[in-house]
Structures are given as structure tokens and as C-alpha cells.
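Architecture at a glance
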Amino acid sequence: MIYLDHAATTAVYPEVIREMTPYLHEYYYNPSGAYKEGRLLHKKLDEIRIGLAESIHAKPQEIIFTSGGTESDNWVLVNAARTLSGKGRHIITSAMEHHAILHTCQFLESCGFEVTYLTVNREGFVEPAVLEQAIRPDTILISVMYANNEIGTLQPVRELGQIAQKNSIPFHTDAVQAYAHIPIDVSEAPIDFLSVSAHKFGGPKGVGFLYAGEGTPLSPLLYGGAQEQGRRAGTENVAGIVGMGKAAQLSLEHMNEYALQESVLRDHLMHRILSEIPMTRLNGSSKKRLPGNLNVSFQGIDGATLIAMLETKDIYVSGGSACSSADQAPSHVLHAIGLPDDMALGALRITVGHENTMEEINETFENIRSFVQELRQIS
Ligand code: PLP
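Residues numbered from 1 in each chain as written. Predicted model: local features only at pLDDT ≥ 70, side-chain atom pairs only at ≥ 80, totals over all residues. Heavy atoms only, no water.

Once that is clear, we can look at the nonpolar core. The tendency in soluble globular proteins is for nonpolar side chains to be buried side by side. In terms of nonpolar packing, the biggest core is built from 66 residues, with Ile56 and Tyr179 touching the most fellow members. No fewer than three residues from each of domain 1 (2-9 + 254-378) and domain 2 (14-253) sit in this core. Counting 26 residues, the second-largest nonpolar core is a separate cluster that includes Ile2, Leu265, Leu294 and Ile315. (Core = buried A, V, L, I, M, F, W, Y, C linked by side-chain atoms within 4.5 Å. Buried < 20%, exposed > 50% of the residue type's maximum accessible area, 1.4 Å probe, protein only. Domains from an automatic or database assignment.)

Pasting the structure below:
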């Protein structure tokens, strides 16, 4: 099998599984337990919190364990609506966010909040001037993703955060695709909230964290026990958090090496597709994009059919985002960058991981070329 869908999820690293396993049977206690084993687990979680905080230059108390990207994203938006509605009811986000943001915004609109969905340019960048123009006296949150999950565009987060800061508006960034793949430093950029998910960097599913800058108002999303200093109720997913900590450590240790390997493979595939298959187009920026991300459109081709044909050869890629792959509507991200329907429906998202090889990339290319030729001959 050739797996080229690393933006959807990654395999859990074997070292991560080894690290997690004792926490499923040997150290199965509740970290809130009033005995030694509980206290030891609590200490272990705090050690992991310190490591994760260091990884983004934050303080340990600014890291809150969650169930992943969706919860972290939902929490930040709902929190703004709850804690800042006295100031206003206007939220700014971009038109190409993940549905964890967009659908929460739609929910908030149904509760009477107003949302501005910033347009992006043809490469998928939010232009700082566009953000500046959208700000109103009643704006209570700006949320723009660090890196896009479909086209890999890296946003000018620092500049956008500075605009938010200048206007005294909290700034959130969904860094689910970026964390542990590219460097992130919250001490350098004015970021108040940042979402992370472990399954995008060799960790398990269903665990992640929210960075919430000290002093930024944060009310709980989940009510119950006093875990996470009363900010996030629910018995901690101990094995998951241990796994996330190990996956982050490994990914960060090898970040430059993995990024280089992925971008070499990605660039090779990109150049072959664009130069050897006619009527193709790169979606997103050619420079400021995630190292493993390639998104290309094949004019006149139905992307879903091409994906299914590749699957017959055990090659796994995707079209739009994983969550909308059953949906035949053109991806909202490709629409946002101005692609017409036929090009948007003819898009493939190929996301390379460091464990892929040049042989796999060349085999994938040969199959894409022959299937595209076959489909074009039929039509
Ligand atoms: N945000 C982005 C940019 C994502 O790519 C994803 C997952 O695909 C999420 C949020 C949701 O994260 P999770 O799967 O941890 O809920």
C-alpha cells in the first residue's frame, strides 16, 4: 500500500505505542486518585505539559489537554461568544478554515453572532489589509489557521496576530496541520489561542491540546470535575496524552530532516505532474506551503473517479478534506481560491510523509499519468 494521505492522519509511531502501552494496563489509575499511583500519573501529565509548552515557547499552565483539534477549535469560538459578548458579537475567520471552525461559526450565527469570512487570494493567503478592513469595534475574536489542510498554504500568522493585538482582539490559530511539522513560537507572534491534534504527527487519535495565553479569559466548554485546573473537566486520557508527548518529542527532534525528505518527494512529484501531464494546475502557493502537501487539479477529470482508480492499485490519496470526501460538492477551500467547479472537482490532495520513498512517488506518478490519459480518452 502506498499511503499518501498524511494530512488526514498519520500512523502512530512504534516508539509511541511502546511508551503508551504501560499506561493502559500497568498504570491504569485515575490521575485524580488520592494515593501514590494517582499522584505519580498527575506528575507524569505535568512533565508532558512542560515538554509541550517548551515546544511552542509557552508556559506549562498555558497548555490544556483536549480531545483534539475539533474540541480545541470549538472551545475557542464558544469561549469568545460566552466571555466577550458584552463587548460585541462579531467574529472574524477565513473562508478556508476547517469545518471545526466553519461549522462552529455557523452555530454561533444561529445564536445571533455575526461572522465575517475573510476572502483569500488565489494562492490561499489572507491578506493583512483584508483583515484590517474587516475589524469592527464589536469584533471579539479573530481566528485564522496556521496552515491549510487541503492546499497547505502557510498564513502570515505573525502579521495577522499583530493586527489583532493592535486592535486588542484575541487571536486564535488552528495549528492542527502545522504543529510538529514547522516551527511554532508563540513568544514571537501575538497568538492568544492555538489548537493542536496528536494524530497529525505520529500520535494517537482523540487527543490534542489547546494553548491559551495567560490572562486571556477562558471559560470551560465541558463541565464536571476539576481536572486541568478546573478549565477542562473529564478524566484525562492518560495513555493518549503520554502518546502525544512522545510523538511531539520525536517529530520535533526530526522536524528539519522530515520536512526536507517530504519536500524533496513532494517537489519531485509536483514537477513530474505539472510538466508531463497536460492541463494540470498547482493549487496553493508554490513556496509558502507545508512540506508534504501537494494539491493539483486535472482539467476535465473527475477527482473522485481518479481517487477510486488509484485505490485499485493500493495508492491512497484524497480529494478535498477527509471529512468531506464522501461529499461530491467542490471543496470550499478550492472555491475560496477562485477555482471553477471543473478544476475544483478534478483536484487531488497528495500528502507525503517522511516514511514514503522515491519509488512510491514514481509509481504513484505513473499510475496517475495512465489513469488521467485513460479518463481523457473516454470523455
Ligand atoms: N483543523 C484542521 C486544520 C484539521 O486538518 C483537522 C483534522 O483534519 C482538525 C482541525 C480536526 O482535528 P481532529 O481530527 O483532532 O478533531
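Once the structure has been displayed, the description carries forward.
Further remarks concern the sheet that holds strand S10 (residues 293-298). Across the sheet, three strands lie side by side as S9-S10-S12; this open sheet has antiparallel pairing. Of all the strands in the sheet, just strand S9 (280-282) and strand S12 (347-351) have a single pairing partner and so form its edges. Each strand of the sheet is rotated relative to its neighbour by a mean of 25 degrees, with strand direction disregarded. Across five bridges, the pairing between S10 and S12 is antiparallel. Within S12, the residue paired with valine 296 across the bridge is leucine 348. (Pairing = 2+ DSSP bridges. Helix = DSSP H or I, 4+ residues; strand = E, 2+ residues; numbered from the N terminus. Axes fitted to C-alpha atoms, helices over the stretch in contact; angles between N-to-C directions.)

Close to the ligand lie 13 residues, the nearest being Thr70, Asp174, Gln177, Ser197 and Lys200. A distance of 2.8 Å separates an oxygen atom of the ligand from a polar side-chain atom of glutamine 177. Broken down by element, the shell around the ligand gets its largest block of residues, three residues, from helix H4 (residues 69-84). (Near = heavy atom within 4 Å. Polar contact = N/O pair within 3.5 Å; in protein donor to acceptor, adjacent residues only side chain to side chain.)

This next bit is on the pattern of salt bridges. On inspection of all chains with the given rule, the structure shows 15 salt bridges. Put simply, arginine 49 and glutamate 228 hold a salt bridge, and the shortest N to O gap is 2.8 Å. Note that arginine 49 is positioned in helix H3 (residues 36-55) and glutamate 228 in the loop between strand S8 (208-212) and helix H8 (238-253), a separation of 179 residues in sequence. Exposure remark for glutamate 228: the relative accessible area of 7% places this residue in the buried category. Where arginine 272 meets glutamate 366, a salt bridge forms, and the shortest distance between an N and an O atom there is 3.4 Å. Pair noted here: arginine 272 is in helix H9 (residues 255-276) and glutamate 366 is in helix H13 (residues 358-378), with a separation of 94 residues, a long-range link. (Salt bridge = Lys/Arg side-chain N within 4 Å of Asp/Glu carboxyl O.)

Sheet strands pair via backbone hydrogen bonds, and the direction of the pair is either parallel or antiparallel. Spatially, seven strands are ordered S2-S8-S7-S6-S5-S3-S4 in an open sheet, and the strand pairing comes out mixed. Of all the strands in the sheet, just strand S2 (63-66) and strand S4 (114-118) have a single pairing partner and so form its edges. Ignoring strand direction, the axes of neighbouring strands in this sheet form an average angle of 20 degrees. Where strand S7 (residues 193-197) lies against S8, five bridges are found, and the strand directions are antiparallel. Bridging from a neighbouring strand, leucine 194 pairs with tyrosine 211 of S8. Running at roughly 155 degrees to S7, H4 makes contact with S2, strand S3 (90-94), strand S5 (139-143), strand S6 (171-174), S7 and S8 of the sheet. Running at roughly 150 degrees to S4, helix H5 (residues 99-110) makes contact with S3, S4, S5 and S6 of the sheet. (Contact = heavy atoms within 4.5 Å.)

The next subject is the packing of H3 against H8. The geometry of H3 relative to H8 is characterised by a closest axis approach of 10 Å and an angle of 30 degrees between their N-to-C directions. Considering the relative orientation of H3 and H8, their crossing is left-handed. On the side of H3, the interface is formed by Leu41, Lys44, Leu45, Ile48, Leu52 and Ser55, while H8 contributes Val238, Ile241, Val242, Met244, Gly245, Ala248 and Leu252. Counted by class, the contact of H3 with H8 contains ten nonpolar, two polar and one charged residues. (Left-handed = near helix turned anticlockwise from the far one by under 90°. Nonpolar A, V, L, I, M, F, W, Y, C, P; charged D, E, K, R; others polar.)

Let us now look at H9. Helix length check: H9 (22 residues) gives 31 Å between terminal C-alpha atoms against 32 Å at 1.5 Å per residue, within 8%. Within H9, burial applies to Met255, Tyr258, Ala259, Glu262, Ser263, Leu265, Arg266, Leu269, Met270, Arg272 and Ile273. Where H9 is buried, its residues contact H8, S9, S10, S12 and H13. (Expected span 1.5 Å × (residues − 1).)

Moving on, we get to H13. An α-helical turn contains 3.6 residues, so a residue and the one three or four places further along point in the same direction. Taking 1.5 Å per residue, 21 residues should reach 30 Å; H13 reaches 30 Å between its end C-alpha atoms and fits that length. For H13, the complete set of buried residues consists of Glu360, Ile361, Thr364, Phe365, Asn367, Ile368, Phe371, Val372 and Leu375. Elements that come into contact with the buried residues of H13 comprise strand S1 (2-3), H9, S10, helix H10 (303-312), strand S11 (315-316) and S12.

What follows concerns unusual backbone geometry. With phi around 55 degrees, serine 168 is a residue other than glycine that occupies positive phi space. Positionally, serine 168 belongs in the loop between helix H7 (157-166) and S6. If you check the backbone angles, alanine 180 has positive phi at about 70 degrees while not being a glycine. As for its position among the elements, alanine 180 is in the loop between S6 and S7. By relative accessible area, which is 6% here, alanine 180 ends up buried.

Taken across its five residues, S5 has five buried, putting it largely inside the fold. In terms of strand pairing, S3 meets S5 through four bridges, oriented parallel. What sits directly across from histidine 90, in S5, is threonine 139. Both S5 and S6 contribute to a ladder of two bridges, which runs parallel. In the sheet register, isoleucine 142 faces S6, and the bridge partner there is phenylalanine 171. Handedness of the crossover joining S5 and S6 through H7 is recorded here as right-handed. (Right-handed = clockwise from strand over helix to strand, strands pointing away.)

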